[in-house]
Amino acid sequence: MEQQTTESCRDRAAVRELFERLTDVYSCLQTESCSRQSAAEVATVISSGLCGGLPGEDRDYCHDNSVELTYISVTLVEKITSSLMSQSLPPAVASYCLDIHRVLFQDMDLMSQLVHQFRAEDQIISHLAAKTVSTCVFYHLHQSCSVSPVWEQKCVQVFHSSHPGPELDACLWSLTEVLKRLLKGAHQELLGKLLAAFDSSLSALCSRLLPEERTEAEQSLMDFSSSRHWGTTLCLLLDLLEALSASSLMCGSGVCLQSQRLIYIHSSSLLAAVSCSSQYFVKKRALLLLKRAVLQKAGEDWALGEELFAGIKYGHFSSDMSSLAHSVLTAVAANWLQSIQVDSASFFGGSRQIQGDGGQKADCVMLRAVSLLLLKSMELHIQTAAGSAGVGGATEVCGCLQSLWGFLKTYSIQLTGASHLCCWVSLLFGEQDDDMMEAAKALLSVFLHHRLRSGLDDSTVLEAACASGCNPHCHFLLLLQSVSFDHSILLDFLISTETCFLEYFVRYLKYLRADWQGFTAACGQIGVSDSHLSLQKSLAASLTCKGEPHRVEFQPTGDVSPVAAGLRLVEYDNSDESDPESMDAQDEAGTSRCENSRFSALDVKQDIREPPASVRQQQSEPCHSAGSLSQPDSTLERRAGGSSQTCPNMAPLSGQVTCETSARAAVCLSELREVVTRLHTKKLFPYNPSSLLKLLAQVQNCSQQSQLSHLNK
């Protein structure tokens, strides 16, 4: 008994000594100084702590301390490796750390001990080991241009055979982290070596967890979902798939491995995960991954956009995108939308599933993701031969839009009460500028395809478009309305780098110059709908007209939250009469496009405070019309209880509202043209806007001709 007590005291003393020595080394690293212990001694202490080197039998005391020793040992290895990678240490300290690292990984084979911790029951140890291994692997890649053989062998073995659990999670996380670091640094050659090492094993893993056939995928999800680790494992796999997809954008026209195309190959399984997974966060993560894939924005949250998204697409890119679009549309045709669960918006108390009309706000992230996934899939579909099948293709497109509209009305009370279907884009995407522009661009493509293939006249096509919620004139007017017809916000859109507004704007202006009459009709629809809404809101506070019907002054609405600025610059070299080489941003002295945009944005604000005199004059006389809405005492028609009563001397509602809205839109575009011209003349605009200015001038000419025609009548 006395001997056991003595051994226990020795064990506790050994624990304290290990802690003190490890803490001393860590403190020295923090102060960028060398410990009094030699490199070999430090390596021995770390190895002993990592293995829980606590011989003896007082396990009740030693267990917790053994775990803590492992924590600090693994963390210390990661700290040493990160310090070496940073190359910021003094030469003596760097040499000291290099000696420790060499003893640990060459003499003691520490990598084997670290990957062994992947299977630890303690999730903190497993994660710390994965984090440390990823740092060490990245350092090894830089030093030797080769993948760590111990780590590679471990991951390949686990990918081929392991089921959801801590070990598979650690392997997935560590590989994803190494990929992200390589992508951020644009290390294309090292990235190729890493992907080649795991190509076949990753394909095998996805084939097992995400079978390509939809029925097999649904069964697989049901089988694996019983595991308590399944949700975590699948989300880690989705993170890895996003990193792999992002890496494909770096390979350009070079060889793209199968592992980099796994999102597209297993798109049906990912769609099944959205509808069949029992865990909401898994559904949401899978849906967001598909959305980023179809938008070609995989890795946008952490990758360097300038390096990642500017390259030439790999050989299979078009077929992969077409396959993804086909999978989405096939699933929608099989009632996939009806199987999607949408919870209420998250709040501090959590979230809950929407049931009936309980006044709960739906999870708009899910609604936007579903909408964009379907819209972009439709856009991709109609750009291929499969989507160009005349009237049949147009009917298919209308059917998809109706299915989407039905899905949105199921979950959004706000959309259900909308009187004009075209406003759904603004209502749903108003809080997310980049998504709204992508949706507007996709709907414009869908509309132009329908217009070309339907064989109907323009007025009928526009009526059908409004019935389906995809009239591009309405979408653009609602966008202008949401920013209070403020040209400076459109200017911010044009010079920023976060959305596709430039591409959308150019395509819409090309259509607008050819259909000003349809634009004028849309002005009437949007203005009348909006004026009736304003009337309903202001009846209680309205003034009376000679004691009879309420008399209300019309105020053009501008109370919708302004759309925040921010867009991604895009090429639009297919504009008419434009020089393809002149359409890109003209950066000088090696300045990047983003830097140029930021520079210009600062100077632009000083240059747009006052609109041009000619524009101010236009704005003061927006329309030639007797009794126009510019008069403060003009009145609107009021309908109540099914009867119609009108104030005396009231001008027709639709004509006045159409004129007012059309004039405000024309003035906004004219102001925008004036400001862009002035900035371009002063060389403050971040790219060559010549083609854009031509389009704006042509649209302004259409507006002036329309006003002359109105005057002649």
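Just above sits the structure.
This structure is a prediction, so every number in the text was calculated from the model and none was measured.

What counts as what
Residues numbered from 1 in each chain as written. Predicted model: local features only at pLDDT ≥ 70, side-chain atom pairs only at ≥ 80, totals over all residues. Heavy atoms only, no water. Phe/Tyr/Trp six-rings, centres within 6.5 Å; stacked < 30°, edge-to-face > 60°. Salt bridge = Lys/Arg side-chain N within 4 Å of Asp/Glu carboxyl O. Helix = DSSP H or I, 4+ residues; strand = E, 2+ residues; numbered from the N terminus. Buried < 20%, exposed > 50% of the residue type's maximum accessible area, 1.4 Å probe, protein only. Axes fitted to C-alpha atoms, helices over the stretch in contact; angles between N-to-C directions. Parallel < 35°, antiparallel > 145°, perpendicular 65-115°, else oblique. Left-handed = near helix turned anticlockwise from the far one by under 90°. Contact = heavy atoms within 4.5 Å. Nonpolar A, V, L, I, M, F, W, Y, C, P; charged D, E, K, R; others polar. Bend = angle between axes of the 7 residues up to and from the residue.

1. Notes on the packing of aromatic side chains
Step number 1: Taken as a whole, this structure holds 13 aromatic pairs when the rule is applied.
Step number 2: A connected cluster of aromatic rings, assembled from ring pairs, spans Phe-476, Phe-493, Phe-501, Tyr-504, Phe-505 and Tyr-508.

2. Focus: the pattern of salt bridges
Step number 1: One pass over the full model with this rule turns up 17 salt bridges.
Step number 2: A salt bridge links Lys-297 to Glu-438, with the nearest nitrogen and oxygen atoms 3.7 Å apart. Taken together, the residues span a long stretch of sequence, with Lys-297 in the loop between helix H14 (280–294) and helix H15 (305–308) and Glu-438 in helix H21 (residues 433–454) at a distance of 141 residues.
Step number 3: Using a relative accessible area of 7% as the deciding quantity, one classes Lys-297 as buried.
Step number 4: Looking at Glu-438, the relative accessible area reads 3%, which means it is buried.

3. What about the packing of helix H13 (residues 267–276) against helix H16 (residues 317–333)?
Step number 1: It is at 9 Å that the axes of H13 and H16 come closest, and there the two elements cross at 40°. The angle between the axes of H13 and H16 places the two elements in the oblique class. The handedness of the crossing between H13 and H16 is right-handed. Residues Ser-267, Ser-268 and Leu-271 of H13 pack against Ser-323, Leu-324, Ser-327, Val-328 and Ala-331 of H16.
Step number 2: In terms of residue class, the contact of H13 with H16 is made up of four nonpolar, four polar and no charged.

4. Observations concerning helix H9 (residues 188–209)
Step number 1: At Asp-199, H9 shows its strongest bend, of approximately 50°.
Step number 2: Looking at H9, one finds that the buried residues are Leu-190, Leu-191, Leu-194, Leu-195, Phe-198, Asp-199, Ser-201, Leu-202, Ser-203, Leu-205, Cys-206 and Leu-209.

5. Description of the environment of Glu-189
Step number 1: On the secondary structure map, Glu-189 appears in helix H9.
Step number 2: Residue Glu-189 is classed as exposed on the basis of its relative accessible area, which comes to 60%.
Step number 3: Separated by 44 residues in the primary sequence, Glu-189 and Cys-145 have C-alpha atoms spaced 8.9 Å apart.

6. Here's the deal with the packing of helix H8 (residues 166–184) against helix H11 (residues 230–248)
Step number 1: In contact at an axis separation of 9 Å, H8 and H11 are set at 25° when each is read in the N-to-C sense. On the basis of the axis angle, H8 is roughly parallel to H11. Both H8 and H11 take part in a crossing whose hand is left-handed. Within the contact between the two elements, H8 uses Leu-168, Asp-169, Leu-172, Trp-173, Leu-175, Thr-176, Leu-179 and Leu-183 and H11 uses Thr-232, Thr-233, Leu-236, Leu-237, Asp-239, Leu-240, Ala-243, Leu-244, Ala-246 and Ser-247.
Step number 2: Of the residues contributing to the contact of H8 with H11, the split by class is 12 nonpolar, four polar and two charged.

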